[in-house]
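Analysis of the macromolecular model
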Number of protein chains: 2
Amino acid sequence: MKTLKYSRQRESIKACLMARHDHPTADALYTAIREEYPNISLGTVYRNLNLLVELGEIQKLTCGDGADHFDADTSPHYHFVCRTCGQVKDLRLDSMEEINHLAQEHADGQIESHTIYFYGTCNHCLKN
Amino acid sequence: MKTLKYSRQRESIKACLMARHDHPTADALYTAIREEYPNISLGTVYRNLNLLVELGEIQKLTCGDGADHFDADTSPHYHFVCRTCGQVKDLRLDSMEEINHLAQEHADGQIESHTIYFYGTCNHCLKN
DNA sequence: CTGGGTGCAAAAGATTTGCAGTCCG
DNA sequence: CGGACTGCAAATCTTTTGCACCCAG
């Protein structure tokens, strides 16, 4: 296995992602990070995000709105996607690990994990 | 609201999707349909798939493997994605509508629906 | 030094869209 | 006829990658 080397860009990407709770896309993160590192490239952001996902330090959210979103919170929780404004918000439910076993009974294979996305309209958009 | 007109391409796309149970991507469907209609264009396939999704006649699956998949079965069921071969298979669990209510208690908005994807290794890939 | 990391720009994939021509109602 | 639909190709958008240079260990 290959040895990681320190990179201030990677640290910055991780720190920036941990500091916010809005699950930004790679491009949104790129825009934010450029304020501190104006020369960072989008390719570097993507490379590091993918690396951090592989290391299990962050997770990638594919909620179906075109671009992937990223979340530095790897504790078990789900996501609520507002179909009006596109915001992705955390949704913390009691452990639903049991549904893996439930699904296992009907699955044609070995289930390892699951993902749930809830869709609807967020309170902010409901007011308008 | 605009009135739909008949189109043999759209009929063919829908029929072709209903005939198979492997949740093809737009491109896979395009390849299959070209055997019957060699001149159909990929743009037409996309346009009609999106239209059928809007009409609620089919559903789009965004399981995170790059391309969207389509499913003519709109009855309540979930999907199992093999991380090895990429196949997407149906997974029919007892109604889980109740988790919408469970999630509603913690959500910052009005929940309308949810999607669950299960990930793992299918039996065929486990053997190899 | 050496190999991992970076910036840049080009490439790759998936999906959408503008346009002129075609066909349904 | 009018407007919906199509084929085609160009355009978009997101993400990946090749390459020369840079920097951590």
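The preceding data block contains the structure.
Below: a short report on this structure. No experiment lies behind these values; they were computed from the predicted model shown.

Quick reminder: α-helices carry 3.6 residues per turn. Residues three or four places apart thus point the same way. Residue and element names in this part refer to chain A. Of all the residues in helix α2 (residues 26-33), the buried ones are Ala-26, Leu-29, Tyr-30 and Ile-33. Projected down its long axis, α2 carries its buried residues within an arc of 105°, all on one side. Check the buried side of α2 and you find it contacts α1 (8-19), α3 (42-54) and β2 (69-71).

Lys-5, Ser-7 and Thr-44 of chain A together with Tyr-46 and Asn-50 of chain B are the nearest of the 21 residues found near DNA strand C. Residue Tyr-6 of chain B places a main-chain N or O atom 3.4 Å away from a phosphate oxygen belonging to DNA strand C. Within the side chain of Arg-47 of chain B, a nitrogen or oxygen atom sits 3.2 Å from a base oxygen of DNA strand C. When contributions to the surface near DNA strand C are tallied by element, the ones reaching two or more residues are α1 and α3 of chain A together with α3 (42-54) of chain B. The element best represented in the surface near DNA strand C is α3 of chain B, accounting for five residues. By residue class, the composition of the surface near DNA strand C is five nonpolar, 10 polar and six charged.

A few words now on the side chain of His-23 of chain B. Residues and elements named next belong to chain B. Mapped onto the elements, His-23 comes out in the loop between α1 (8-19) and α2 (26-33). For His-23, a relative accessible area of 3% puts it in the buried group. Discounting residues that sit within four places of it in the chain, His-23 has contacts with Leu-61, His-69, Phe-70, Asp-71, His-79, Val-88, Lys-89 and Asp-90.

The rules behind each value
- Residues numbered from 1 in each chain as written.
- Chains lettered and ligands numbered in written order.
- Predicted model: local features only at pLDDT ≥ 70, side-chain atom pairs only at ≥ 80, totals over all residues.
- Heavy atoms only, no water.
- Buried < 20%, exposed > 50% of the residue type's maximum accessible area, 1.4 Å probe, protein only.
- Helix = DSSP H or I, 4+ residues; strand = E, 2+ residues; numbered from the N terminus.
- Arc of directions from axis to C-beta.
- Contact = heavy atoms within 4.5 Å.
- Near = heavy atom within 4 Å.
- Polar contact = N/O pair within 3.5 Å; in protein donor to acceptor, adjacent residues only side chain to side chain.
- Nonpolar A, V, L, I, M, F, W, Y, C, P; charged D, E, K, R; others polar.

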